[in-house]
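Summary of the model geometry
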Amino acid sequence: MAENPEGGQGGSHVDPPNVPPPRRSGGLSRRRPGGGVRRVGYVITANAGDSTLGVLLGDGRGGFRVAPGGPVHLGVPPHLIAVGDFNADARLDLAATSHDSNEVQVLLGDGRGGFAPAPGSPVAAFAGVKAHNHGLAVADVNGDGTLDITLGHQETGQVAVLLGDGKGRFAPGPGSPLRLGRGFYPHALADVDGDGRIDLVAPDLLGSAIVVALGDGRGGFSPAPGSPIAVKARPFYVLLADLNGDGRNDVAATHDDIDDVDVLLGEGGGRFRSTGGFHAGGRGWEIAALDLNGDDHKDLLVLGNGALRGFLGDGKGGFVSVGSPYPTPRDSWTFGVGDVNKDGRVDVVFADLSAGKLTVLLRR
């Protein structure tokens, strides 16, 4: 079994300040589909050891300092983090879940790096089941212009949909939680069928499949044609990005027990076809899409099992390894990408969970 994240571990979240409502969020770090170069203004860390969230503000040169007020105390060990403006004040807010809790904590930002619980937080997502949370994402799933929150349950294949009121409060959507598979790891939210509504894509760990669920624009989801899509064993993480330049979202999925990455190209209507994927040369957990060599094709960075690996895309959905793997701590499973020193190049930030440190890699 790969050393994938379970209870008692934390990670990091990287993003620029005053971001627009995110279209995709999952895992512990988030970046826009397509992975363009962005200036990074902060890093948020999930510190499971002392049940806090660390907020680090960037200095524009690749360095970071602790935000005024110190860490945010949660009372439970944080596992996953998502960001967005939940109360329409143009300030960054946070959602955080714990591996062994069926609730989500919503924290409203003051615009200076401080955060306080939102009204009604924490919000219950699941009831009557053992807590085993492995999914957290934010997007406007019901089309009302405010952000909503989704959570995934690893053992039941359920997804909870919590609809936001635009003031920082959340309540279960119609029929929530929804049974969509057998057992999920971190899911992703984006429009995959081109109808302007947010859909859901999830790695079904227990079913060895990718589940595609189409949104109805009211907070509900139902299986897409051809879903679930069989893939290699134990898919762990899904990335949604246009990997072949046709304007549709495609899927790249890592696996926690094998060294392969599955690539599924979108065909419209929520349907996907497999390319067969590629061998990554080592287990991969989290994955990001960006242009590494300036050819306007999406490339991939894959982190897992002690290495960060790069793969150049051919613009058609194929990928080949580039360069030597960069060694990382074996228990690092989450990372962020962005321009942390304002030189127009993509940099990487990842967490060392054992040492409690962040590593910043500047692109040369």
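Residues numbered from 1 in each chain as written. Predicted model: local features only at pLDDT ≥ 70, side-chain atom pairs only at ≥ 80, totals over all residues. Heavy atoms only, no water.

Quick notes on the pairing of strand β26 (residues 286-290)
Going by this rule: Relative accessibility under 20% of the residue-type maximum defines a buried residue, over 50% an exposed one, and the middle range a partly exposed one, all with a 1.4 Å probe and only protein chains included. In DSSP terms, a helix is any run of H or I states spanning at least four residues, a strand is any run of E spanning at least two, and both are numbered starting from the N terminus. A pair of strands counts as paired when DSSP detects no fewer than two bridges linking them.
When you tally the buried positions in β26, you get five out of five residues, the bulk of the element. Alternating residues of β26 divide into Glu 286, Ala 288 and Leu 290 and Ile 287 and Ala 289, and every residue in both groups is buried. Pairing of β26 with strand β27 (residues 299-304) involves five bridges; the strand directions are antiparallel. Residue pairing across strands places Ile 287 opposite Val 302, the latter belonging to β27.

Considering the environment of Gly 270
The condition that has to hold: Contact criterion: two residues are considered in contact whenever any of their non-hydrogen atoms come within 4.5 Å of each other.
Tracing the backbone shows Gly 270 in the loop between β23 (260-268) and β24 (271-274). As for Gly 270 and Ala 224, which are separated by 46 residues in sequence, their C-alpha atoms are 5.8 Å apart. Apart from residues lying up to four places away in sequence, Gly 270 is in contact with Val 192, Asp 193, Val 212, Leu 214, Ala 224 and Pro 225.

Thoughts on the pattern of salt bridges
Pairing between side chains becomes possible if they bear opposite charge and their charged atoms approach one another. Put simply, the rule is: A pair is scored as a salt bridge if a Lys or Arg side-chain nitrogen falls within 4 Å of a carboxyl oxygen belonging to Asp or Glu.
Counting across every chain of the model gives nine salt bridges. One salt bridge in this structure joins Asp 246 and Arg 248, with 3.8 Å as the shortest N-O distance. Bridged by salt links that share partners, the residues Arg 234, Asp 256 and Asp 257 form one connected network.

Quick notes on the packing of aromatic side chains
Worth spelling out the cut-off: The criterion for an aromatic pair is that two Phe, Tyr or Trp rings (for Trp, the six-membered ring) have centres within 6.5 Å, with stacked assigned to planes under 30 degrees apart, edge-to-face to planes over 60 apart and tilted to the rest.
Scanning the model with the defined rule gives five aromatic pairs in all. Both rings, one in Phe 236 and one in Trp 333, keep their centres 6.4 Å apart while their planes meet at 80 degrees; by these two values the pair is edge-to-face. Remark: Trp 333 occurs in the loop between β29 (319-327) and β30 (335-338) and Phe 236 occurs in strand β21 (residues 235-241); sequence separation between them is 97 residues. In this structure, Phe 236 and Trp 333 share a single accessibility class: buried. Measuring from ring centre to ring centre gives 5.6 Å for Phe 278 and Phe 319, while their planes differ by 40 degrees; the resulting arrangement is tilted. Residue Phe 278 is found in strand β25 (residues 278-279), and its partner Phe 319 is found in strand β29; the two are separated by 41 residues along the sequence. For Phe 278, a relative accessible area of 11% corresponds to the buried category. Residue Phe 319 is classed as buried on the basis of its relative accessible area of 10%. Taken together, Tyr 185, Phe 236 and Trp 333 form an aromatic cluster joined through their ring pairs.

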